[in-house]
Structure formats: C-alpha cells, structure tokens
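Architecture and fold: a report
Spelled out from the first residue to the last, the chains are:
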Amino acid sequence: MGASEEEMTVLLRTRGMLPASTVREKLLDLDDIESVLDCAPLVGFERGYLTQEIFDAMLDIWSVRNTTEKTPQSPILDTKAKQAVPELGRTIAPMKAPEPLDIKFRNNLPDWNTSDFSENASDAPSDILVHYDITGNSITEGKMADITSCFSDRLQSIRKMIIQNSRLPRTPTEISRLHAESSRYQGYENKAVAIGLVNEPRYTKNGHLMWNLEDETGELTCLLTKRKGDDRDRAHEQILEAGLMPDDVLGVSGTFSQTGDMFYVDDLHFPMKASHQKVSAEHGVSVAFLSDIHVGSKTFLEAQWHKMVRWFHTDPLAKTIKYLILSGDCVDGVGIYPGQDSELSIPDLFGQYAEFARLLELLPEWVECVMLPGNHDAVRPAEPQPTFEKDIQQDYNTTTFVGNPCDFSLHGVRLLSYHGKSIDDFVAGLRTVTYADPVEAMRQMLRRRHLAPQWGGKTPLSPEPEDGLVIREVPDIFVTGHVHGHACIDFKGTTLICSSTWQDQTSYQRMLGFQPKPCMLTIVNLKSHATTAIPFA
Ligand SMILES: [Fe+2]
Ligand SMILES: [Fe+2]
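About the criteria used
- Residues numbered from 1 in each chain as written.
- Chains lettered and ligands numbered in written order.
- Predicted model: local features only at pLDDT ≥ 70, side-chain atom pairs only at ≥ 80, totals over all residues.
- Heavy atoms only, no water.
- Pairing = 2+ DSSP bridges.
- Helix = DSSP H or I, 4+ residues; strand = E, 2+ residues; numbered from the N terminus.
- Axes fitted to C-alpha atoms, helices over the stretch in contact; angles between N-to-C directions.
- Parallel < 35°, antiparallel > 145°, perpendicular 65-115°, else oblique.
- Contact = heavy atoms within 4.5 Å.
- Nonpolar A, V, L, I, M, F, W, Y, C, P; charged D, E, K, R; others polar.
- Donors = N, O, S within 2.8 Å, 3.2 Å for Na, K, Ca; no water.
- Tetrahedral: all angles 85-135°; square planar, octahedral: opposite > 155°, others 65-115°.
- Buried < 20%, exposed > 50% of the residue type's maximum accessible area, 1.4 Å probe, protein only.
- Core = buried A, V, L, I, M, F, W, Y, C linked by side-chain atoms within 4.5 Å.
- Phe/Tyr/Trp six-rings, centres within 6.5 Å; stacked < 30°, edge-to-face > 60°.
- Lys NZ or Arg CZ within 6 Å of the ring centre and 35° of its normal.
- Salt bridge = Lys/Arg side-chain N within 4 Å of Asp/Glu carboxyl O.

1. Here's the deal with the sheet that holds strand 4 (residues 192-203)
Pairing in this closed barrel of five strands is mixed, and the strands run 4-5-6-8-7 around the ring. Mean inter-strand twist for the sheet, computed between neighbouring axes without regard to direction, equals 55°. As paired strands, strand 4 and strand 5 (residues 209-214) are joined by five bridges and run antiparallel to one another. Residue pairing in the sheet places Y203 in a bridge with L209 of strand 5.

This is the structure in structure tokens:
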C-alpha cells in the first residue's frame, strides 16, 4: 500500500518539495514514493515546486531504472499507468544507465553562453561585504542643525569629486570672494570658478536657464543662455533641454555681468568620472535582480512566480545564480495609498511578509537573497531607510537584510542598490526623464553622484549628518526598481539595471496609461560581467 497523506506531506517537506495539486494526487497512488522521489536529481530537480512536467520526467526515469533492475511492477496502481511500463522477460545483459532527460534547456542560445556564466553557485563560497547601510547608524534628530550638516557634508563631498573628476579651468573660489572681486572676472579672458548647491532652477521667457548657486559663504545668480550658430555645444544643449534639480551640487565657470549681479555660465562641471573600470570577481558565479514583487496585492503574478521557480530548478544558467538582489517593495504593504484595501489579496502585513518568505523558500538552496526595503515596505519612509524589523526577518532563511540604499560588494564587485523612489523627482524635475525611460534618471544620479538631491520633493529624506545618499564610490553595478519597468545597459563602465516587477498593471497605472514590464529576471555574471534577462510573463 502507498503512504498516507500525512506521511507523504512529511516526506515531501523533508525533501523541500512542493507538489502541484495534480502531482499530489498521483503521489498518493504510488506504492513506493521514495524510490520515485530519488529520481529527482536525475532530472535536474532537487527541491522546490514539483510540477507535472518534472514529475512525469521522474516517473520515466524510475521506469527505465526499474526495468533495468528487473523489477516488473509499476509504482503506480492504476491500470493506465501499468500499461505504460512494459513487463519485460529475462534480461540477459544490463541496459545502459539512465541519463537525465533533456528538458528544453536554454543553454547556448544566442543571448548567453556557458563560458560567460562559468561557475556553479554551490561551488563558490559566500562573499558579501556591506560598505554602507544606515541600519543601526541613523543618528539624526531631524533638527535644523542636522539638516545644515547634511547639506554641508553633501557640498564638501561632491566638491572634492568635482575637483578630482572634472576639468576645471582654475581652482574654485568661495562665492563671497568672487562677489568682492567680480570686476576681475569680466570679459572673456579671466574666468571664475565656483562650486555650490543649486537653488530655484527656472527658465526665463526666452528659454535661458537661471538658478542660484549657494556655498558656505554666499549666493550667486547664474544664467546659462541659449546659444546660436558656432557657439552651440551639445553639452550646453543637453543641460538646457533637461534643466537642473534643486539641491544639485555642481561647478560653474564663467564671467560676471558689468553690474556684477549676474554670473554668465560658460561651462558646468559635474562630479562624474569620464569612465569607470569594472572589477571582475575571481568566481564566475552570477547575481540576479528583481524588485517590486508586491506580494499581497491582487495583481501579484503568482503563476509566473512558479514558472520562475521551475526554471530555477531546471535550467543550467540558474545553477550559476548565487545571489538574488531584491530591491524593495517586496510586499504591497497596508495603508500605502487611499483605497488600497480593496486591491489586496492578503490584508495583513505580517501575512504578506510570511507569504513572500514562503515563495522565496521555493527557490533552490544555493540562492542567497539580499533584501532591501522600498516605499511600500514596513520601515520608515525617510531615506536612507533602515532594514526590516526582526519580527519580519525571522520568517526568512538565507537572506541578508540591508537598508535602502545599500553599497556592498559581492566577491569584490561593487554594487549600489537603491529602490528608486527619487525617480519620481527626476521625472518631475528634469525634462528629459520619463517613466518610459527610467534609466535616464539613473544616468542623471550617477552624473550628480547623488541618489536623491531634492529636499522637499516627492522623496522623504532623513537629514543624517553624513548625507547617506551621496554616491561615494562609482559602482560596477547600479540597480534600482520602483518604476516597474525593465532595462539593463552599460553607462560609462557601470552596468545600470532597472529591476523588473512581479506585479501586473494596477488600476492606478491603467488610469495613467502606464504599461509595466513585469516578470523579467536580470542576470549578471560577476566575472565576465555578461548580462542576460529571462522573461517569465
Ligand atoms: Fe513598486
Ligand atoms: Fe516603490
């Protein structure tokens, strides 16, 4: 007789297998469940979601094995299955050993090659080193003194980067001194250079760009004019087209007007390096990226999640994935926007996190998760955000919890993961950034070496005495989420990834006419830096 339902559940749990309901029924019909389950590794399946397809492959292997071992019985009691396994006569020579079945592997398809994804995750040690995470380090009291030191730290840190990385025509001068000596800097010969924070960027009626530039000593009114003919310059046109973000730190070089009350900007100077040289890991393992899973929402794409779980257990590329970075909005949350209750399938916050933990458990055990919060998660909304509370963390295994943003290394490769709430401010503030092309916001962040410059915009900021949103090191991989798009491109030596979501179009997005790009798993190899994206939608 076969196992009882309880015995079978215990057996499956110990092996970490979750059967589909049709498989469950068939398992109950088996005489010897264990000998069939022992065939799992032979079809490339070890634990996780046991689909009908994988189960059928296991049964095929079991049948071949059984006939080779001259066992005439089928493990299945029903007649139809009995007919499927021929009863053989005397075997005079051993049949060849069973080989794993070919389950339509994607290997060596044009989008990725085995040589680029060269090492299995289970063969490499874990190597995660966190360089910046606000968790446990937030010391602000939100007072005026904290705000002042946050901005002063931002100005000082980015000023150093501008001096180092930008070709300034001369050493920068304090703004108060420039005012005192403004008559020296008139005409074309003698240019002045200043570095400061942008205040009130605005356009004039003629399309010129105006802003105030402020440092510790004073303020300068700057004007970047539209140029014509030979004076036209691509960099100028781009800045005039895009605009500036309030609270950007940048350098200007130019001259004063006759009256000394206006500074005519010839060139703008940003802190970004011209190019970046990526570090290659010694180990050829890979890192995968997802964001905005929104578990608990009615629009969470559960069937596609199980499709991905199956892929993780069967595709050879998946065996190289040692890390999975989850860049925030892991659950849909509760009370995030008016009327959210009616769009939730799991109305309880802890229930949402427990369900996400269960879904992650279905992934193979060689995958280690790094999870950070987003604006839907149960942490303080002000950025930098500390990580999840201990009572949420307790449901998760093999997960490293970090804050948002987090600057960390995997086998020496530097990653910057940021949920991306400030993309909303970049879309509102810069005319060239749209939700259809969120990577442009990421380019602008790297250009400014700051994740969320604008104070008082759509992104709540926590004024830490050391500004936690300055990009202090240029990352090898820079990843965001939040906008539910998907992209993976190289920008001046840094791989930019806009992580895909696992949520279908919401009613709010439908109202705005926004079409998300869900269920794409982005994969980067840490040694070759080859990238690929696997669609599960
Ligand atoms: Fe989201
Ligand atoms: Fe978000």
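2. Considering the sheet that holds strand 17 (residues 494-498)
Hydrogen bonds along the backbone pair up the strands of a sheet, which may run parallel or antiparallel. If you trace the six strands from one edge of the open sheet to the other, you get 3-13-14-15-17-16, paired in mixed fashion. Looking along the sheet, the strands with just one partner apiece sit at the ends: strand 3 (128-132) and strand 16 (487-491). Going from strand to strand, the sheet's axes swing by 20° on average, the running direction of each strand aside. Pairing of strand 3 with strand 13 (residues 406-410) involves four bridges; the strand directions are antiparallel. In the strand pairing of strand 13, L129 is matched with S409.

3. Comments concerning the packing of helix 9 (residues 302-314) against helix 10 (residues 349-361)
Where helix 9 meets helix 10, the closest approach of the two axes is 10 Å, and the angle between their N-to-C directions is 30°. Considered as vectors, helix 9 and helix 10 are oriented roughly parallel to each other. Contacts between helix 9 and helix 10 involve E302, W305 and H306 on the former and, on the latter, E355, F356, R358, L359 and L360. Residues of the contact of helix 9 with helix 10, tallied by class, amount to four nonpolar, one polar and three charged.

4. Here's the deal with the coordination of the iron ion (ligand 1)
Distances from the iron ion (ligand 1) to its protein donors, namely D292 (OD), H294 (NE2), D329 (OD) and H484 (NE2), fall within the range 1.9 to 2.3 Å. Relative to the metal, the four donor atoms surrounding the iron ion (ligand 1) lie at angles of 87 to 176°, and the coordination shape comes out irregular. Linear spacing of the donor residues for the iron ion (ligand 1) on their chain is D-x1-H-x34-D-x154-H. Between the iron ion (ligand 1) and the iron ion (ligand 2), both coordinated by D329, there is a metal-metal distance of 3.4 Å. Taken together, the residues D329 in the loop between strand 10 (321-327) and helix 10 and H484 in the loop between strand 15 (477-480) and strand 16 connect sequence positions 155 residues apart. Side by side, D329 and H484 carry an identical accessibility label, which is buried.

5. Quick notes on the side chain of R154
Tracing the backbone shows R154 in helix 6 (residues 144-165). Discounting chain neighbours no more than four positions away, the residues touching R154 are L197, D247, V249, H450, A452, P453, D467 and V470.

6. Topic: the coordination of the iron ion (ligand 2)
At 2.1 to 2.2 Å from the iron ion (ligand 2) lie its protein donor atoms, namely D329 (OD), N375 (OD1), H419 (NE2) and H482 (ND1). Metal-centred angles of 86 to 158° between the four donor atoms at the iron ion (ligand 2) mark the site as irregular.

7. Some words on the pairing of strand 13
Of all five residues making up strand 13, five are buried, and the element is well covered by its neighbours. The turn linking strand 13 back onto strand 14 (residues 413-417) is made up of two residues, and H411 within it adopts a positive phi angle of 50°.

8. As for the nonpolar core
W305, W311, L324, F356, W502 and L521 are the most contacted members of the largest nonpolar core, which totals 44 residues. Mapped onto this core, the elements with two or more residues apiece are strand 9 (286-290), helix 9, strand 10, helix 10, strand 11 (368-372) and strand 18 (520-525). Sequence-distant contacts of W305, defined by excluding residues within four places in its chain, comprise L290, I293, F300, F356, L359, L360 and W502. With 24 residues, the next largest nonpolar core counts A441, M442, M445 and I471 among its residues.

9. Points about the packing of aromatic side chains
Within this structure, the stated rule accounts for 13 aromatic pairs. Taking 5.8 Å as the distance between ring centres and 75° as the angle between the ring planes, the aromatic pair formed by F388 and F401 counts as edge-to-face. Linking F388 in the loop between strand 11 and helix 11 (390-393) with F401 in strand 12 (residues 399-401), this pair joins segments that are 13 residues apart in sequence. The two residues F388 and F401 agree in class, both being buried. A centroid spacing of 5.6 Å and a plane angle of 85° characterise the contact between Y396 and F401, whose relative ring orientation is edge-to-face. Taken together, the ring pairs connect F300, W305, W311, F312, Y353, F356, F388, Y396, F401, W502 and F536 into an aromatic cluster. Looking at R431, its charged tip hangs above the ring of Y203, at a distance of 3.9 Å from the centre.

10. Looking at the environment of Y435
Relative to the assigned elements, Y435 resides in the loop between helix 12 (423-429) and helix 13 (439-448). Using a relative accessible area of 34% as the deciding quantity, one classes Y435 as partly exposed. Non-local contacts of Y435, meaning those with residues more than four positions away in its chain, are made with D424, V427, V483 and F514.

11. Focus on the pattern of salt bridges
Following the criterion strictly, the structure yields 20 salt bridges and no others. The partner of D153 in a salt bridge is R472, with the nearest N and O atoms 2.8 Å apart. In this pair, D153 is assigned in helix 6 and R472 in the loop between helix 13 and strand 15, connecting sequence segments 319 residues apart. According to the relative accessible area criterion, R472 is partly exposed, its value standing at 36%. Between K322 and E368 there is a salt bridge whose closest N-O contact spans 3.5 Å. Note that K322 is positioned in strand 10 and E368 in strand 11, a separation of 46 residues in sequence. Each of R15, E34 and D38 takes part in one network of salt bridges that share partners.

12. Things to note about unusual backbone geometry
With an omega of 0°, the peptide bond between E383 and P384 qualifies as cis. Examined against the element boundaries, P384 turns out to sit in the loop between strand 11 and helix 11. Of note, the bond from N404 into P405 is cis; its omega dihedral lies within 30 degrees of zero at 0°. Examined against the element boundaries, P405 turns out to sit in the loop between strand 12 and strand 13. One non-glycine residue, D329, lies in the positive phi region at around 55°. One non-glycine residue, T398, lies in the positive phi region at around 40°. Tracing the backbone shows T398 in the loop between helix 11 and strand 12.

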